[in-house]
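Structure at a glance
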Amino acid sequence: MSRPRHKISDRPRSSVRGSALQLVRRHSKAKTDAGDSMKLADYLRTDGHLLPRLEPTEPATLDLQASTRQWADHVESRIAAVNQLAALLDEHWPGGKAVFANLDSDIAMAFLKRYPTPAAATKLTAGRLEAWCKRRGYSGKKPGSVLIERLRAAPKAASRLGEAVVERLVRVQVQLVQGIRATIRTLDKAIAEATETHPYAPLFATMPRIGKVSLGQVIGEIGPIL
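Worth saying up front: this structure is predicted, and the values here are computed from it rather than measured.

1. Quick notes on the packing of helix α8 (residues 163-197) against helix α10 (residues 212-222)
- Running from amino to carboxyl end, α8 crosses α10 at an angle of 65°, the nearest separation of the two axes being 9 Å. In this structure, the crossing between α8 and α10 has a hand that is left-handed. Listed contacts from α10 to Asp 188, Ile 191, Ala 192, Thr 195 and Glu 196 of α8 are Lys 212, Val 213, Leu 215 and Gly 216.
- Residue composition of the contact of α8 with α10, by class: 4 nonpolar, 2 polar and 3 charged.

Shown next, in the form of structure tokens:
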């Protein structure tokens, strides 16, 4: 769920020191918000031309801010969706969760799409699993014998649901995770492209181990106050 965030206005803004406010308030006996507003308005009317003007945020910075905030929201959604998938597998297909170390990976998603239920994997052998992994470019370097042992050593499912229902539940949740992962990749690319041409990028690009998304987040959040 998106967190509420403050919207930065594009109206002209001026910087007023606290000491200046104390001076314009010097004849008041008590502080009130309404009184301070009137005094500030009058101060800006008479001396506003002497104050530093805060320029509106650059459109490129606002665009980057919006993209990185949406990226963060989608990362949270992905984590939640993967956790939901893990809970689903714990109840209905523990072996499907145990085969690969990272459930949030391309190979794990592909495995669950191909073998969404215990019954679907009953004829799976070490050789077949290893061959399947090679066809999909598995980079985990675990032989089929290790992967199949993980599968067989997992607890038996205690599900009381029918196989067709379990298959549908797993496939739908996998589809949800894959969809969110795809949107994150789209945002990754857009943020990387935006930071390449942003005028503030050279200011922060030398920070140690800062990636494109992190650079975009720094620009998007700090840029408006520069």
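Text resumes after the structure shown.
2. Some words on the packing of helix α3 (residues 59-92) against α10
- Two elements in contact, α3 and α10, have axes separated by 8 Å at closest approach and are oriented at 125°. In terms of axis orientation, α3 runs oblique to α10. Here α3 runs over α10; the crossing is left-handed. Counted together, Thr 61, Leu 64, Gln 65, Thr 68, Arg 69, Trp 71 and Ala 72 of α3 and Val 213, Gly 216, Gln 217, Ile 219, Gly 220 and Glu 221 of α10 form the full contact between these two elements.

Conventions adopted
- Residues numbered from 1 in each chain as written.
- Predicted model: local features only at pLDDT ≥ 70, side-chain atom pairs only at ≥ 80, totals over all residues.
- Heavy atoms only, no water.
- Axes fitted to C-alpha atoms, helices over the stretch in contact; angles between N-to-C directions.
- Helix = DSSP H or I, 4+ residues; strand = E, 2+ residues; numbered from the N terminus.
- Left-handed = near helix turned anticlockwise from the far one by under 90°.
- Contact = heavy atoms within 4.5 Å.
- Nonpolar A, V, L, I, M, F, W, Y, C, P; charged D, E, K, R; others polar.
- Parallel < 35°, antiparallel > 145°, perpendicular 65-115°, else oblique.

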